[in-house]
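# Analysis of the macromolecular model
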Amino acid sequence: MSRHPEVKWAQRLDKVYITVSLPDAKNVKTNLDPEGIFTFSANAGTDGNPYELKLDLFGKVNAEESKINVGVRNIFCIVEKAEEGWWKKLLRGDEKTPHYLKVDWDKWVDEDEDDTAVAPDMDFGGMDFSKFGGMGGMGGMEGLGGMGGLGGMEGLGGMGGLGGMEGLGGMGGLGEMGGLGGMGGGMGDELDDSDDEEEQEQGAQKTETAAPGAKVVTEGAAPST
């Protein structure tokens, strides 16, 4: 059975701050609908217990401009309101506030204190935010785990094996890049051939520059008396 993580919230005239407290969350999946439906799921704890959350927010939101940060101890969301205005509460409807939903007093300000034109918001410069639209299932990122497919790169000529880079995690296979080792033989032969050609060209030049009637002495031959 899924559990509910603790959720804290605060607001400004144009945005809502939502913090989902769930340390070491894995397989994080979130979605934010323009109508104000916020959903969250993840696994946490030594047993990988499932956690789920669905919030029917008080008003409509700008999902495209809203941002999320998945941290080590919590998931922090900046939800942009579709229209500026002070919400009476976080959730719409007349139902009792869930026990896991609390006010974030560290970020809270009263309506008459909220003057974003004068008082700047909190500094979130150290956080790496992503757009809600690009989240999908980024929390799990299971596909990166076994990216050992690079091991068999024996032939770089076709580079076909790179297409299915299923995993970079086990990059131990780089040690088997035998195709690179084999490059030595072919290159060695080409270098030998180029050396022979240079020697022949040098010999021809010596012959052409010799004075008329002079005897050309080749290397290794005894001079004639």
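Thresholds, definitions, all that
- Residues numbered from 1 in each chain as written.
- Predicted model: local features only at pLDDT ≥ 70, side-chain atom pairs only at ≥ 80, totals over all residues.
- Heavy atoms only, no water.
- UniProt positions renumbered as here; feature names shortened; annotations may be inferred.
- Pairing = 2+ DSSP bridges.
- Helix = DSSP H or I, 4+ residues; strand = E, 2+ residues; numbered from the N terminus.
- Phe/Tyr/Trp six-rings, centres within 6.5 Å; stacked < 30°, edge-to-face > 60°.
- Buried < 20%, exposed > 50% of the residue type's maximum accessible area, 1.4 Å probe, protein only.
- Lys NZ or Arg CZ within 6 Å of the ring centre and 35° of its normal.

An unreviewed UniProt entry lists the protein under the name Co-chaperone protein p23, with Amborella trichopoda given as the organism. Under the UniProt heading Sequence similarities (unreviewed entry), the entry covering the protein gives this text: "Belongs to the p23/wos2 family." Per its UniProt entry, the protein bears the Subunit (unreviewed entry) comment "Interacts with HSP90 in an ATP-dependent manner."

## Things to note about the sheet that holds strand 1 (residues 6–11)
Within a beta sheet, neighbouring strands are joined by backbone hydrogen bonds and run either parallel or antiparallel to one another. Judged by pairing direction, the sheet is mixed, and its 6 strands sit side by side in the order 8-1-2-7-6-9 without closing on themselves. This sheet does not close on itself; its edge strands, each paired only once, are strand 8 (101–103) and strand 9 (130–131). Sheet analysis places strand 1 next to strand 2 (residues 15–21), joined by 6 bridges and oriented antiparallel. Directly across from Val7, in strand 2, lies its bridge partner Val20.

## A few points about the packing of aromatic side chains
Across all of its chains, the model carries 6 aromatic pairs by this definition. Ring centres 5.9 Å apart and planes at 25° place the aromatic pair Tyr17 and Phe76 in the stacked group. Taken together, the positions of Tyr17 in strand 2 and Phe76 in strand 7 (residues 74–81) put the pair 59 residues apart, joining distant regions of the chain. By relative accessible area, Tyr17 is classed as buried at 1%. A centroid spacing of 6.1 Å and a plane angle of 45° characterise the contact between Phe58 and Trp87, whose relative ring orientation is tilted. Pair noted here: Phe58 is in the loop between strand 5 (49–56) and strand 6 (61–70) and Trp87 is in the loop between strand 7 and strand 8, with a separation of 29 residues, a long-range link. You can call Phe58 partly exposed: its relative accessible area is 31%. Among the aromatic residues, those joined into a cluster by ring pairs are Trp9, Trp86, Trp105 and Trp108. One cation-aromatic arrangement involves Lys67 over Phe129; the distance from NZ or CZ to the ring centre is 5.2 Å.

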